[in-house]
Amino acid sequence: MDQSSIDGLRAHPVAERFHLIEGKHVPASDGGQMDVLSPIDGQVLTRMARGTVQDMQAAIASARAAFEDRRWAGQPPAARKKVLLKWADLIEAHALELAVLGVRDNGTEIAMALKAEPGSAAGTIRYYAEALDKIYGEIAPTPGDVLGLIHKEPVGVVGAIVPWNFPLMIGAWKLGPALAMGNSVVLKPAETASLSLMRMLDLALEAGLPPGVLNAVTGEGAVVGEAMGLSMDVDVLVFTGSGATGRRLMEYAARSNMKRVYLELGGKSPNIIFADAPDLHEAAKVAATGIFRNAGQVCVAGSRLLVEASIHDDFVADVARISEGMRVGDPLSLETAIGAINSEAQLKQNLGFVDTALAEGGEIVTGGQRILEETGGYFMAPTIVTGVRPDATLAQKEVFGPVLGVTAFDGDAEAVRIANSTVYGLAGAVWTSNLSRAHRMVRNVRTGVMHVNTYGGSDATVPLGGVGQSGNGHDKSLHALEKYINLKTAWIKL
Ligand code: NAD
């Protein structure tokens, strides 16, 4: 991908965005709109529909009707597969357009967005398209005079609520398996990253997905997201976002129809460096990218660096040197290593965490401040704080920004104790040449994903999900399909 094609797209005016209901772009029922600000320069990029409760109800009604008349669920698996494969192809064909639009909206550095957004979304949709005609029911080992069949049925209407950091990738994690299993879906994109995802949905219609099977309502979580959560007609709610919102969704479910709720939440993932790591400089490089890519706005970010005391000072100095060499700035430049913070509110929150860390005894090694303010955009220097006590705010609370807290440890037992001392359990890593130690750490650190001598790699074939307050259920892999099916037993007397 060359810079000139990116620059060609960056100045394009962005059309206003409306909801997608019953295959049509429709404005909010009260005509309401909201400004979409670009984090690159703080300017208005376009406007989009500010959804109402009625809009969400209309989208859910459309999805319900589509499910009941089986216009999608009733198609032969091979036909559904064909549509989803075509959708994946269209996403790839529009990859640059989608990535640039997304970056203008959410600020992720373009090199990463190109890889992690349309590329990964197309791969995910294709993975589930290819899986859908390989999912069978079961015959249970019942006594001989009965036949026990276990059918796998779609659940009905799936409500999906997604965050702003990787809208296409995370959107596809929900849409791929939900649609593959024959469900209808209503999507609620994040306020500050709706544009590329809404555009990706247009491509689903172009691929032949029947109208009404996939609807989307833009606007405020507290209005349209709440209406989805409280709906009596949504069967399953799948969510990626913050713990505070996840908690609300469980309440909404309890107050309405007790819909199933699957949550992918935040993390405070430990990246554990032992002195016997195979290559300490490589570990330092990956520690820096493991927290600072997408300006730390990554759920699995290695935001706690646990370093064996004997190598602490040298290792931290190396990570600091590498971080200072990472270019922060224009997210649409292929040279940029760290893009923008998604919103001004998020930037202020990040800086507040730095203040608190200092007040609680931490020391800044590098960064700590807003930069490039003259651009009007929201940028922050990659920040490293040492001397972070395991119970300090910076060690306990998710920042979701470019702030790395460093804590020294002595020996395996202390590393595990500190690693497990938060309410989260999403990701983590251990760096060591000792095979037994690596396996012990994988077993003992309470988390959904544990990396060994690397950080952050993944693909569609392995599940992603947390333990503790990082959530429940899994995205990705065949395991994700479980969220989108009901098991039905047929007990047949022979
Ligand atoms: P958020 O919870 O503020 O928003 C997520 C979504 O929820 C948005 O679409 C928002 O509009 C909606 N929402 C907000 N209030 C709502 C309400 N009352 N009812 C229903 N919906 C509501 O989270 P965010 O700030 O967009 O995303 C950052 C969080 O997401 C971080 O905690 C991050 O770790 C987490 N995350 C987790 C994963 C994962 O796979 N575990 C991946 C990416 C991000």
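Residues numbered from 1 in each chain as written. Predicted model: local features only at pLDDT ≥ 70, side-chain atom pairs only at ≥ 80, totals over all residues. Heavy atoms only, no water.

1. Concerning the side chain of Thr 422
Item 1. Structurally, the position occupied by Thr 422 is in the loop between helix 14 (411-419) and strand 19 (429-431).
Item 2. Within the structure, Thr 422 has its side chain in polar contact with the backbone nitrogen of Tyr 424 (distance 3.0 Å). (Helix = DSSP H or I, 4+ residues; strand = E, 2+ residues; numbered from the N terminus. Polar contact = N/O pair within 3.5 Å; in protein donor to acceptor, adjacent residues only side chain to side chain.)

2. Comments concerning the domain arrangement of the chain
Item 1. What the domain assignment lists for the chain is domain 1 (3-265 + 471-491) and domain 2 (270-459).
Item 2. The gap between the C-alpha centroids of domain 1 and domain 2 is 30 Å.
Item 3. Per-residue buried area on domain 1 facing domain 2 is highest for Pro 39, Glu 109 and Trp 164; these three make up 27% of the total on that side.
Item 4. In this structure, the connection of domain 1 to domain 2 is made through one salt bridge.
Item 5. Put simply, Asp 330 and Arg 10 hold a salt bridge, and the shortest N to O gap is 3.0 Å.
Item 6. The interface formed by domain 1 and domain 2 contains 16 residue pairs in polar contact (both at pLDDT 80 or more).
Item 7. Looking at the side of domain 1 that touches domain 2, the elements with two or more residues in it are helix 1 (3-10), helix 4 (95-106) and helix 5 (110-131).
Item 8. A total of five residues in the side of domain 1 that touches domain 2 trace back to one element, the largest contributor, which is helix 4.
Item 9. Grouping the amino acids of the side of domain 1 that touches domain 2 by side-chain chemistry returns 13 nonpolar, eight polar and six charged. (Domains from an automatic or database assignment. Buried area = accessible area lost by both parts, 1.4 Å probe. Salt bridge = Lys/Arg side-chain N within 4 Å of Asp/Glu carboxyl O. Nonpolar A, V, L, I, M, F, W, Y, C, P; charged D, E, K, R; others polar.)

3. What to know about the nonpolar core
Item 1. Core analysis: the largest hydrophobic core is formed by 104 residues, its most contacted members being Trp 87, Leu 179 and Met 200.
Item 2. Counting residues per element, this core draws most heavily on helix 6 (residues 167-180), at nine residues.
Item 3. Shared between two domains, this core holds at least three residues of each, these being domain 1 (3-265 + 471-491) and domain 2 (270-459).
Item 4. Here Leu 179 is in contact with Trp 72, Arg 80, Leu 84, Trp 87, Val 185, Leu 209, Val 213 and Leu 214, once residues within four sequence places are set aside. (Core = buried A, V, L, I, M, F, W, Y, C linked by side-chain atoms within 4.5 Å. Buried < 20%, exposed > 50% of the residue type's maximum accessible area, 1.4 Å probe, protein only. Contact = heavy atoms within 4.5 Å.)

4. Section: the layout of surface pockets
Item 1. Here the largest pocket defines a volume of roughly 1200 Å³.
Item 2. In terms of lining residues, the largest pocket is bounded by 50 residues, among which Gly 241, Ser 242, Gly 243, Ala 244 and Thr 245 are the most central.
Item 3. If you list the elements that add at least two residues to the lining of the largest pocket, you get helix 8 (221-230), strand 10 (236-240), helix 9 (243-255), strand 11 (260-264) and helix 12 (344-359).
Item 4. It is helix 9 that contributes the most residues to the lining of the largest pocket, nine residues altogether.
Item 5. Residues that form the lining of the largest pocket fall into these classes: 22 nonpolar, 20 polar and eight charged.
Item 6. When residues of the lining of the largest pocket are sorted by domain, at least three fall in each of domain 1 (3-265 + 471-491) and domain 2 (270-459).
Item 7. Lining the second largest pocket are 33 residues, and of these Ala 116, Met 169, Arg 293, Gly 456 and Ser 458 sit closest to its centre.
Item 8. The set of elements that each furnish at least two residues to the lining of the second largest pocket consists of helix 5, helix 6 and helix 10 (280-292).
Item 9. It is helix 5 that provides the largest number of residues to the lining of the second largest pocket, a total of seven residues.
Item 10. Among the residues forming the lining of the second largest pocket, the class breakdown is 18 nonpolar, ten polar and five charged. (1 Å grid on protein atoms, 1.4 Å probe; cavity = no way out; pocket = protein on both sides within 12 Å on 5 of 7 lines; lining within 4 Å. Points joined across faces, edges and corners; volume = space filled by probe spheres on them.)

5. Description of the site of the ligand
Item 1. Val 162, Glu 191, Ser 242, Thr 245 and Glu 398 are the nearest of the 31 residues found near the ligand.
Item 2. In the model, an oxygen atom of the ligand is placed 2.9 Å from a nitrogen or oxygen of the Lys 188 side chain.
Item 3. In the environment of the ligand, an oxygen atom lies 2.7 Å from a nitrogen or oxygen atom belonging to the side chain of Thr 245.
Item 4. Its free accessible area being 840 Å², the ligand has 91% of it covered by the protein chains.
Item 5. For the shell around the ligand, the secondary-structure elements that each account for two or more residues are helix 6, helix 8, strand 10 and helix 9.
Item 6. Taken together, the residues of the shell around the ligand break down into 17 nonpolar, eight polar and six charged. (Near = heavy atom within 4 Å. Areas by Shrake-Rupley, 256 points an atom, 1.4 Å probe, with all protein chains shown as cover.)

6. Digging into empty space enclosed by the protein
Item 1. Inspection of every chain in the model, using the stated rule, returns five cavities of 30 Å³ or more.
Item 2. In this structure, the largest cavity encloses a volume near 80 Å³.
Item 3. What lines the largest cavity is a set of 14 residues, among which Gly 267, Ala 301, Ser 303, Glu 398 and Phe 400 lie closest to the centre.
Item 4. Looking at side-chain class alone, the lining of the largest cavity contains seven nonpolar, five polar and two charged residues.
Item 5. Considering only enclosed or pocket space, the second largest cavity measures out at about 50 Å³ in volume.
Item 6. What lines the second largest cavity is Ile 170, Trp 173, Thr 240, Glu 264, Leu 265, Cys 299, Leu 426 and Leu 464.

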